[in-house]
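Chain and residue survey
So the chains spell out like this:
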Amino acid sequence: MSSADLTRFTAAETAAAIASREVSAVEVAQAHLERISSVDGAVHAFLHVDADGALAAAARVDAARAAGTALGPLAGVPLAMKDVIVTQGIPTTAGSRILEGWVPPYDATILTRLKGAGLVLLGKTNMDEFAMGSSTEHSAYGPTFNPWDLGRIPGGSGGGSAAAVAAYEAPLAVGTDTGGSIRQPASVTGTVGVKPTYGGVSRFGLIAFSSSLDQAGPCARTVLDAALLHEAMAGHDPADSTSIDAPVPPVVAAARSGDVAGLRVGVVRELSGEGYEPGVQQRFEEAVALLSDLGAKVVEVSCPHFAYALPAYYLIAPSEASSNLARFDSVRYGLRVDDDGVRSLEEVMSATRAAGFGAEVKRRIILGTYALSSGYYDAYYGQAQKVRTLITRDFAAAFEIADVLVSPASPGVAFPLGAKVDDPLAMYRQDLATIPSNLYGGPAMSLPMGLSEGLPVGLQVMAPTMRDDLLYQVAGALEAALHDRWGGNLLASVPELAA
Amino acid sequence: MPEITREEVAHLARLSRLALEDAELDALAAQLDVILGAVAQISQVTEAADVPPTTHAVPLENVTRPDVVRPSLDRDTVLAAAPAAEDGRFRVPRILDAE
């Protein structure tokens, strides 16, 4: 096995090879660090690479193996983590200048769990500032480039995590999804991305954007790998008061079952047609036909209030953001400017926030402040929360006649860099299909369904709250059939990136 | 529908503690107009009048834990990440008027 080969394995294969002593965890970590050195200049998926920490963590896995300690199913597997998740001793910026150079004093619960499971943290991935965006162009540290075509966006906000996985820089990554920030990047990079049930995965240590919507989840190259990561990070956390105290759904078993016979699959009428590219629509129809061939019962469902999901989201999320981002006050962490001994706290705070936040973050803070203002509160924020109830009821009605719902995950293929960055509304429409699940709280996934114009597009599967296993059951079956059709993983055709 | 003026944006910026330049205020006023024009369609959902609002996807209430003392983050570690610290405290710019 050459070191280049080690980056091509799935996480499941890598863990098995380490457990059977075919390779060491240190060799695996080294291979991925080399891959990052050779391609990340072109992709820019990472904001920070912790080579020493990764090699030390890998050495601990090898030592445990040598001592005869039983290893977990992902022990020794390298991992990339979105830079919105705090990592003790490793810089965390959330893609913002206001946190440049900040080193968190603690680990997020999910990282504590993944370290305990023997995963090896390679570094932190690029993202739209504070997870606000759909292209990673709103990162204060420059964009990430799509490994399929370096002139195009990798999606956002978690473009770095998706690109790292697609470019074979890491077999697994963690993302966060507030309106589609795991699923839309997965869709446009040909990877698998899952937003778990809200409350299914701890948010402790996740820098808050919109607290009632934010959810961390797995990014991977296969459905099984995503399930393994999901299982390793999920479960109740007393440190997160919104965490659900219930057993983790059996996602790994579901991914392996690969059986959809008799399962009712609902095609959401409102998540198609206008706004979706013809190539996306075509791949989607083929994937639905394939599910039918595999024995699923395909039905059409209508969710009339999904049409209002986008406006509801762009009132609720900025409102919560305007409140959450008040913590960046130039006092406790991060940037402080103009502190000349003369200016007041308010002046220093206002100057710091103006200097530290980028244009999209300022736009959303102002929008949220407006929507929460007295006189507008009922018409905007209050009304959006009521519409959220109606969207939840649409899901409940749809799940009476279907076990899961499906749609395209993104309205189109990856667009060229710069194409939408000056048109906020066009950028916001990237999340048309993904937002409803955030408002409802149920789990949703994007998995590759083929190419359109030579670029990957994803199928979205949505399931009822705490039925994350159904996503993996459907996706496992569909992925196996698609891999048969394609002769392997779509990502095998990602262009060679190394110089 | 909404017609946002630069003065209104300046007021919102002040509430948000953002010292924005005039050019930023002008740009934001124009963009907010477009965004609010689009999100205002939410008012068309007349059947929302009779439904309760959803504040949260998970109906959890009053999550508590035993009232026992646990270690917290180390003070010096936390202060080391602050923009300015003095005598074991965060140092802040002037809050009260000089007079």
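These figures come from a predicted structure and were not determined experimentally.

Quick word on the pairing of strand β7 (residues 264-268) of chain A
Residues and elements named next belong to chain A. Of all five residues in β7, four are buried, a share of seventy percent or more. Here five bridges tie β7 to strand β8 (residues 297-301), and the two strands are oriented parallel to one another. Its bridge partner lying in β8, R264 is registered against K297. As for the winding sense of the linkage, the β-α-β connection from β7 through helix α10 (residues 278-293) to β8 is right-handed. Pairing between β7 and strand β9 (residues 404-408): three bridges, direction parallel. The partner of V265 across the bridge, within β9, is V404.

Details of the packing of helix α11 (residues 309-324) of chain A against helix α14 (residues 378-401) of chain A
Residues and elements named next belong to chain A. Interaxial distance between α11 and α14 falls to 9 Å at its minimum, and their mutual angle equals 125°. Our classification of the angle between α11 and α14 gives oblique. The hand of the α11/α14 crossing is left-handed. Contacts between α11 and α14 involve A309, A312, L315, I316, S319 and E320 on the former and, on the latter, Y380, Y381, A384, Q385, V387, R388 and I391.

What about the packing of aromatic side chains?
All names here are of chain A. With the rule as written, the count across this model stands at 16 aromatic pairs over all chains. For the ring pair F328 and F357, a centre distance of 6.4 Å and an interplane angle of 85° mean the geometry is edge-to-face. One end of the pair, F328, is in the loop between α11 and α12 (345-356); the other, F357, is in the loop between α12 and α13 (359-371), with 29 residues separating them in the sequence. The burial state of F328 is the same as that of F357; both residues are buried. Chaining the aromatic ring pairs together yields one cluster made of W102, F130, F328, Y333 and F357. The cationic tip of R8 hangs over the ring face of Y168; the distance from NZ or CZ to the ring centre is 3.8 Å. Taking NZ or CZ as reference, K420 lies 5.0 Å from the ring centre of F415, over its face.

Some remarks on α14(A)
Here α14(A) spans 34 Å end to end across 24 residues, near enough to the 34 Å set by a 1.5 Å rise per residue. Its axis deflected by about 25° at A:A384, α14(A) carries its strongest bend there.

Structural notes on the sheet that holds β7(A)
Residue and element names in this part refer to chain A. The strand order across the open sheet formed by 11 strands is β1-β3-β2-β4-β6-β5-β10-β11-β9-β7-β8, and the pairing between neighbours is mixed. With one partner strand each, in any of the chains shown, β1 (46-49) and β8 form the two edges of the open sheet. Averaged over all neighbouring strand pairs, the angle between strand axes comes to 30°, with direction disregarded. In terms of strand pairing, strand β10 (residues 444-452) meets strand β11 (residues 455-462) through eight bridges, oriented antiparallel. Pairing of G450 across the sheet is with V457, part of β11. Its contacts with the sheet put helix α3 (residues 25-43) on β1, β2 (78-82) and β3 (120-125), and the angle it makes with β3 is roughly 20°.

Focus on the nonpolar core
All names here are of chain A. Counting 148 residues, the largest nonpolar core has F130, V174 and Y472 as the members making the most contacts within it. In this view, Y472 contacts V194, P218, V223, A226, A227, H230, V251, A254, A255 and M445; residues no more than four positions away in its chain are not counted. Residues I18, V43, A58 and I182 belong to the second largest nonpolar core, which totals 31 residues.

About the cut-offs
Residues numbered from 1 in each chain as written. Chains lettered and ligands numbered in written order. Predicted model: local features only at pLDDT ≥ 70, side-chain atom pairs only at ≥ 80, totals over all residues. Heavy atoms only, no water. Buried < 20%, exposed > 50% of the residue type's maximum accessible area, 1.4 Å probe, protein only. Helix = DSSP H or I, 4+ residues; strand = E, 2+ residues; numbered from the N terminus. Pairing = 2+ DSSP bridges. Right-handed = clockwise from strand over helix to strand, strands pointing away. Axes fitted to C-alpha atoms, helices over the stretch in contact; angles between N-to-C directions. Parallel < 35°, antiparallel > 145°, perpendicular 65-115°, else oblique. Left-handed = near helix turned anticlockwise from the far one by under 90°. Contact = heavy atoms within 4.5 Å. Phe/Tyr/Trp six-rings, centres within 6.5 Å; stacked < 30°, edge-to-face > 60°. Lys NZ or Arg CZ within 6 Å of the ring centre and 35° of its normal. Expected span 1.5 Å × (residues − 1). Bend = angle between axes of the 7 residues up to and from the residue. Core = buried A, V, L, I, M, F, W, Y, C linked by side-chain atoms within 4.5 Å.

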